[in-house]
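Architecture and fold: a report
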Amino acid sequence: MDIASFGSFLRTLAIIVVIYYAFKFAMRYLFPLFVYKMAKKVERNFQQQQQDFYQQNRSTQEETNYNNQTDTGKDKVPRSTKVVGEYIDFEEIDKK
């Protein structure tokens, strides 16, 4: 059985202190850079999605306008634009 010496105890303690300060350094300086890069990536993806959505809606709108222009020769049945709600029949309750 080996007995731990005072020198090995100091070596272990020094390794723990070095690891602690390395972790502290990484969290203070490297973690904010990591978060910044991730935020930029998310922002870029969001902008790309917005641009794709805008272009898709724009092309759909152009197709609709083109179809409406080509369908002008057809007779259309006029529809009423008046929106009427649903009829609900209420029953009165007599209070005694």
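Above this text sits the structure in question.
Let me begin by describing the structure that accompanies this report. Here the structure is a predicted model, which means the values were calculated and not measured.

**A short note on the overall build of the chain**
Helices and strands together make up the secondary structure of the chain, namely one helix and zero strands. Expressed as a percentage of the 96 residues in the chain, the buried residues total 0%. When the accessible surface of the chain is totalled, it reaches about 10,600 Å², and 59% of it is carbon and sulfur.

**Thoughts on the packing of aromatic side chains**
Tallying each qualifying case throughout the model produces three aromatic pairs. Residues Phe 6 and Phe 9 carry aromatic rings whose centres are separated by 6.4 Å and whose planes lie at 35 degrees to one another, so their mutual orientation is tilted. Residue Phe 6 and its partner Phe 9 are both found in helix α1 (residues 6-70); the two are separated by three residues, about one turn of the helix. Note on Phe 6: relative accessible area 59%, which makes it exposed.

**What to know about the pattern of salt bridges**
Summed over all chains, the structure comprises one salt bridge. Glu 43 is paired through a salt bridge with Lys 40; the nearest N and O atoms lie 3.7 Å apart. Taken together, the residues span about one helical turn, with Glu 43 and Lys 40 both in helix α1 at a distance of three residues.

**Thoughts on a nonpolar patch on the surface**
On the surface, a nonpolar cluster with roughly 750 Å² of combined accessible area is contributed by Phe 6, Phe 9, Leu 10, Leu 13, Val 17, Tyr 20 and Tyr 21. With respect to the secondary-structure elements, Leu 13 resides in helix α1. Leu 13 sits in the partly exposed class, given a relative accessible area of 40%.

Rules behind the numbers
- Residues numbered from 1 in each chain as written.
- Predicted model: local features only at pLDDT ≥ 70, side-chain atom pairs only at ≥ 80, totals over all residues.
- Heavy atoms only, no water.
- Helix = DSSP H or I, 4+ residues; strand = E, 2+ residues; numbered from the N terminus.
- Buried < 20%, exposed > 50% of the residue type's maximum accessible area, 1.4 Å probe, protein only.
- Areas by Shrake-Rupley, 256 points an atom, 1.4 Å probe, with all protein chains shown as cover.
- Phe/Tyr/Trp six-rings, centres within 6.5 Å; stacked < 30°, edge-to-face > 60°.
- Salt bridge = Lys/Arg side-chain N within 4 Å of Asp/Glu carboxyl O.
- Patch = residues over 30% accessible without salt bridge, like charges linked within 9 Å, V, L, I, M, F, W, Y side chains within 5 Å.

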